[in-house]
Amino acid sequence: MRTDVNAFLGAYPYRRVPGTSPDAVLAAMDRVGIDEAWVTHLPGVFWRDPTEGNAWLLETAGKERRFHPVPAIHPGLADWRDALRAAIDAAAPAVRADPTFYGIDPAGGAMRELVAACGEAGIALSLAVRFEDARQRHPNDHASELPAAAVRALIRSDARVHLLVTHADRPFVEEVHFGSTPDEAARIWWDICWIWGPPEDHLRTLLGSIGPARFVLGTGQPLRLPENADAKLDLLDLAAADRGAIESGNARALTGP
């Protein structure tokens with residue numbers, strides 16, 4: 001079993017991105033041998049109310065057993081708890097929030113309330129550091145990247161929450177991991193889509209210093225080619241158990257108690 005914990009459905013607002021339809025994402029999964037994907041409604045990230053994309057996402061995932069929905073939650077909106085309950089009722093493996101795109105403090109009171117609610121409900125919270133390299137972003141795309149300090153503040157704010165942080169590079173991972181207590185660090189999982197492989201070998205370095213238990217397979221498709229994450233694993237001399245943990249086992253731990 002191979003699980004992609006970071007995939008998107010729907011159009012990107014700032015440029016044409018091919019392969020954004022459900023069928024195209026499924027075809028890409030087949031191309032690289034991914035069995036299931038946690039999917040988010042990509043256009044909704046940029047909407048004033050990102051939860052308006054959740055109904056379509058839940059309906060689409062309900063029709064395809066290989067898709068598992070990761071609905072958006074905006075804790076600055078009055079009805080965010082209803083959106084969280086709907087995600088839990090739909091057996092979503094996680095929910096997501098992108099506070100810098102929502103225009104709210106990434107470590108402020110609203111986000112801490114969401115973290116506490118996710119911790120109480122036993123559902124993981126997904127946060128993206130970025131979606132594109134700053135050098136190729138559209139001039140109208142002004143959202144800042146998620147600060148490492150915010151991740152540290154959020155994981156410390158509730159001892160029950162599990163965080164999935166996507167699109168983080170090696171310096172970001174190290175700043176958060178080594179700036180956290182062992183208990184805090186053990187409740188954060190990192191996808192590999194933005195961590196460099198050879199020749200820099202940042203992924204190899206992190207697996208050696210932090211350990212494979214903290215990392216999960218995330219492609220970031222269709223904004224990134226799924227072959228990228230796949231090739232980085234192929235180029236590592238990983239034990240079968242460690243590769244299996246990254247490709248699926250750690251995702252199960254992420255959604256567990």
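Whatever comes next refers back to the structure up there.
Residues numbered from 1 in each chain as written. Predicted model: local features only at pLDDT ≥ 70, side-chain atom pairs only at ≥ 80, totals over all residues. Heavy atoms only, no water.

Student: What should I look at first to understand the sheet that holds strand β2 (residues 36-41) in this one?
Tutor: Whenever strands of a sheet pair, they do so through backbone hydrogen bonds, lying parallel or antiparallel. Across the sheet, three strands lie side by side as β1-β2-β3; this open sheet has parallel pairing. Every interior strand has two partners, whereas the edge strands, β1 (3-9) and β3 (67-69), have only one. Strand-to-strand, the axes of this sheet are offset by a mean angle of 35°, without reference to chain direction. As paired strands, β2 and β3 are joined by three bridges and run parallel to one another. Bridged to W38 within β3 is H68. Contacts from helix α11 (residues 240-254) reach β1 and β2 within the one sheet, and its direction differs from that of β1 by about 80°. (Pairing = 2+ DSSP bridges. Helix = DSSP H or I, 4+ residues; strand = E, 2+ residues; numbered from the N terminus. Axes fitted to C-alpha atoms, helices over the stretch in contact; angles between N-to-C directions. Contact = heavy atoms within 4.5 Å.)

Student: What should I look at first to understand the nonpolar core in this one?
Tutor: Generally speaking, soluble globular proteins have nonpolar side chains that are buried together. Core analysis: the biggest nonpolar cluster contains 71 residues, and L125, F172, W190 and F215 have the highest contact counts within it. Residue contributions to this core peak at six residues, all from helix α6 (residues 148-157). The residues touching F215, leaving out its near neighbours within four places in the chain, are V173, W190, I192, I195, L206, L207, I210, A245, I246 and N250. If you look at the next biggest cluster of nonpolar residues, it comprises ten residues, including W38, V70, A124 and A251. (Core = buried A, V, L, I, M, F, W, Y, C linked by side-chain atoms within 4.5 Å. Buried < 20%, exposed > 50% of the residue type's maximum accessible area, 1.4 Å probe, protein only.)

Student: Mind showing me how you'd approach the packing of aromatic side chains here?
Tutor: The description of two aromatic rings rests on the distance between their centres and on the angle between their planes. Within this structure, the stated rule accounts for eight aromatic pairs. Relative to F131, the ring of F8 lies with its centre 5.7 Å away and its plane at 70°, an arrangement referred to as edge-to-face. Of this pair, F8 sits in strand β1 while F131 sits in the loop between β5 (124-128) and α6, and the two are 123 residues apart along the sequence. Exposure class is identical for F8 and F131. Each is buried. Seen in terms of ring centroids, Y12 and Y14 are 5.9 Å apart; in terms of plane orientation they differ by 75°. Their pairing is edge-to-face. For Y14, a relative accessible area of 25% gives the class partly exposed. (Phe/Tyr/Trp six-rings, centres within 6.5 Å; stacked < 30°, edge-to-face > 60°.)

Student: Would you mind showing me how to read unusual backbone geometry here?
Tutor: Peptide bonds are trans in most cases, and residues, glycine excluded, mostly fall at negative phi. Between P198 and P199 the backbone carries a cis peptide bond, its omega angle lying at 5°. Following the sequence through the fold, P199 ends up in the loop between β7 (188-191) and α9 (202-209). Q221 connects to P222 through a cis peptide bond whose omega is 5°. Residue position: P222 is located in the loop between β8 (215-216) and α10 (226-234). Of note in this structure, A91 is not a glycine but carries a positive phi near 60°. When you line up the elements, A91 lands in the loop between α3 (80-89) and β4 (94-96).

Student: Looking at this structure, I do not really get α10. What am I missing?
Tutor: At 3.6 residues per turn, the α-helix brings residues three or four places apart onto the same side. Where α10 is concerned, the buried positions are P226, A229, D230, K232 and L233. Along the long axis of α10, the arc covered by the buried residues comes to 160°, so they all point the same way. Residues of α10 that are buried make contact with α1 (22-32), α9 and α11. (Arc of directions from axis to C-beta.)

Student: Would you mind showing me how to read α3 here?
Tutor: Among all positions in α3, only W80, A83, L84 and A87 are buried. In a view along the axis of α3, the buried residues occupy a sector of 100°, so they form one face of it. Elements that come into contact with the buried residues of α3 comprise α2 (54-63), β4 and α5 (109-121). In the segment just after α3, A91 is the residue with positive phi, at about 60°.

Student: Would you mind showing me how to read the layout of surface pockets here?
Tutor: With a probe scaled to a water molecule rolled over the atoms, the places where space remains empty come into view. There is about 230 Å³ of room inside the largest pocket. Along the walls of the largest pocket sit 13 residues, with D133, R135, D169, W194 and W196 positioned nearest its centre. Looking at the lining of the largest pocket, its residues break down into five nonpolar, one polar and seven charged. (1 Å grid on protein atoms, 1.4 Å probe; cavity = no way out; pocket = protein on both sides within 12 Å on 5 of 7 lines; lining within 4 Å. Points joined across faces, edges and corners; volume = space filled by probe spheres on them. Nonpolar A, V, L, I, M, F, W, Y, C, P; charged D, E, K, R; others polar.)

Student: Looking at this structure, how should I read the pairing of β2?
Tutor: Two faces, one strand: in a regular strand the side chains alternate between the faces of the sheet. Most of β2 is tucked away: six of the six residues are buried. Here β2 shows a buried face lined by E36, W38 and T40 and a second buried face lined by A37, V39 and H41. Bridge analysis of β1 against β2 gives five bridges, and the strand direction is parallel. Across the sheet, D4 pairs through a bridge with A37, a residue of β2. Assessed by its sense of winding, the connection that carries the chain from β1 through α1 to β2 is right-handed. Taken together, β2, α2 and β3 form a β-α-β motif whose crossover is right-handed. (Right-handed = clockwise from strand over helix to strand, strands pointing away.)

Everything listed here is a matter of geometry and, on its own, says nothing about what the molecule does.
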